[in-house]
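# Survey of secondary and tertiary structure
As a plain string of letters, each chain reads:
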Amino acid sequence: MQMKTPSIVDKKRLIALSLASVLLLPQAAPAQTETGRQYLVPAGSVPLDGVEGRLDHLAVDVQSQRLFVSGLENHTIEVIDLVKRRLIHEITGVSEPQGLIFIPEKNRLLACSRGDGTCRSFDAGTFEEGPWIDLGRNADNVRFDSGAKIIFVGSGGEPGNGLFSVIDLASLLPVAQGGSPAEPHSPADLLLDRPRQADPKLEIQLPAHPESFQLDLANRRIYVNVPDERRIAVLDVTPTNLTVAANWQVTVAEKNFPMTLDASSGRLYIACRKPACLASYDMQTGKLLSQTPCVGDADDMFFDAKLKRIYIIGGEGFVDVFQVPGTGEELTRLARVPTAPRARTGLFIPDLQTVVVARPHTTNGPAAVLLFRAGS
């Protein structure tokens with residue numbers, strides 16, 4: 001049968017239908033401004049084959065350029081070579097890992113777990129487990145004060161009181177590395193086929209589970225998001241004491257999960273989820289300075305001291321890039337960079353000027369980490 005050649009009218013109809021179908025498709029927000037500047041430049045991705053479920057927080061070993069990713073629902077920690085862009089190791093048997101921190105001078109990785117409430121230490125060369133600490137339940141965010149050699153961990157809550165703990169690094173190191181782990185707590189501990197348990201140095205209860213927190217080391221203060229109470233707890237820390245100095249009520253929105261700060265200008269920033277907004281506060285007084293809409297379902301945010309920018313990673317499927325002016329009072333969104341739905345955790349690596357986003361396995365594709373270079 002001879003095919004009929006489309007007429008000019010038919011061709012115009014086909015073009016019109018094609019344009020209409022494109023216009024009806026959901027359009028991703030542009031990754032750059034109208035001027036054409038790209039503030040986050042896509043720099044590839046690394047697949048996480050076989051990793052299922054939610055991904056949580058990340059850490060990095062800058063010297064060897066290894067990235068560590070918490071596979072919370074996979075009960076694993078993924079180790080990625082950022083130079084070769086491939087997965088090189090998987091630590092298994094970690095009960096719902098959340099917060100991670102890498103200790104460069106000891107080549108050790110600390111992992112906090114939601115499932116069993118522990119903070120566990122691993123040799124980052126052999127991945128052999130070292131001393132660990134039991135924090136009750138839901139051990140989450142973790143930070144390291146390299147000067148004082150102490151670890152800070154938020155845990156507990158959901159429901160019930162939260163817990164904020166201070167731990168000497170030495171108690172999470174094996175004796176061969178100059179560590180001083182605790183003696184066995186009971187005769188039964190001697191029968192456990194695992195390294196010795198550590199003890200916290202200081203603890204303080206909070207009214208609910210602590211989420212992101214940031215250290216102001218110069219003033220020996222810690223700012224802690226407590227979203228279930230819609231507050232920011234301000235803690236004073238000394239070598240022998242940990243106290244609540246103030247509680248700032250968050251009135252602009254609910255669910256204040258991520259936090260970052262610009263200590264040089266005395267500004268603290270939080271992102272809330274309900275409604276989605278970015279808010280800035282004076283670090284000394286707790287005064288609200290500004291608020292502006294931002295990406296939804298935010299779980300991680302970071303301050304880029306070099307470029308004076310804030311990166312907010314949201315499960316809505318974007319990274320928002322904000323410019324921080326000299327005064328810190330007015331914030332301007334520079335770009336909204338597409339990532340993937342449910343990709344709400346990540347890491348900013350200042351030494352590499354790289355933003356990493358953890359993308360879980362969804363209908364949009366398998367699990368992977370997405371890499372972006374911070375453009376000037």
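Residues numbered from 1 in each chain as written. Predicted model: local features only at pLDDT ≥ 70, side-chain atom pairs only at ≥ 80, totals over all residues. Heavy atoms only, no water.

## Topic: the sheet that holds strand S24 (residues 318-323)
Across the sheet, which stays open at both edges, the four strands sit in the order S22-S23-S24-S25 with antiparallel pairing between neighbours. At either end of the open sheet lies a strand with only one pairing partner, and these are strand S22 (298-304) and strand S25 (332-338). With strand direction ignored, the average angle separating the axes of adjacent strands in the sheet is 20°. Alignment of strand S23 (residues 309-314) against S24, held across six bridges, turns out to be antiparallel. Of the residues in S24, the one forming a bridge with Arg-309 is Gln-323. (Pairing = 2+ DSSP bridges. Helix = DSSP H or I, 4+ residues; strand = E, 2+ residues; numbered from the N terminus. Axes fitted to C-alpha atoms, helices over the stretch in contact; angles between N-to-C directions.)

## So, the pattern of salt bridges
Tallying each qualifying case throughout the model produces 15 salt bridges. The residue Arg-66 makes a salt bridge to Asp-61 at a minimum N-O spacing of 3.0 Å. Each member of the pair Arg-66 and Asp-61 is classed as buried. For Arg-336, the salt bridge identified is with Asp-320, shortest N-O distance 2.8 Å. Of the two residues, Arg-336 sits in strand S25 while Asp-320 sits in strand S24, which places them 16 residues apart along the sequence. Given the relative accessible area of 17%, Arg-336 is considered buried. (Salt bridge = Lys/Arg side-chain N within 4 Å of Asp/Glu carboxyl O. Buried < 20%, exposed > 50% of the residue type's maximum accessible area, 1.4 Å probe, protein only.)

## Some thoughts on the nonpolar core
Of all hydrophobic cores here, the largest spans 36 residues; its most connected members are Leu-40, Leu-67, Ile-80, Tyr-311, Val-321, Val-357 and Val-369. The biggest single contributor to this core is strand S28 (residues 368-374), with five residues. Here Val-369 is in contact with Gly-44, Ser-45, Val-46, Leu-48, Leu-67, Val-69, Ile-80, Val-356 and Val-357, once residues within four sequence places are set aside. (Core = buried A, V, L, I, M, F, W, Y, C linked by side-chain atoms within 4.5 Å. Contact = heavy atoms within 4.5 Å.)

## Notes on the side chain of Asp-320
You can call Asp-320 buried: its relative accessible area is 0%. Within the local environment of Asp-320, its side chain forms a polar contact with the side chain of Arg-336, the two groups lying 2.8 Å apart. In this structure, Asp-320 is in contact with Cys-294, Val-295, Ile-310, Tyr-311, Ile-312, Arg-333, Ala-335 and Arg-336, ignoring residues within four places of it in sequence. (Polar contact = N/O pair within 3.5 Å; in protein donor to acceptor, adjacent residues only side chain to side chain.)

## Quick look at the pairing of strand S7 (residues 108-113)
Where burial is concerned, most of S7 is hidden: six out of the six residues are buried. Of the two faces of S7, the one holding Arg-108, Leu-110 and Cys-112 and the one holding Leu-109, Ala-111 and Ser-113 are both buried throughout. By the bridge criterion, five bridges tie strand S6 (residues 97-103) to S7 in an arrangement that is antiparallel. Bridging from a neighbouring strand, Ile-103 pairs with Arg-108 of S7. Taking the residues that link successive antiparallel strands as the turn, the S6-S7 hairpin has four residues, and the phi of Asn-107 there is positive, at about 50°. Summarising the sheet, S7 and strand S8 (residues 118-123) pair through five bridges and their orientation is antiparallel. By the bridge assignment, Cys-112 is partnered in S8 with Cys-119. Here S7 hands over to S8 after four residues, with Gly-117 in that stretch at a positive phi of 70°.

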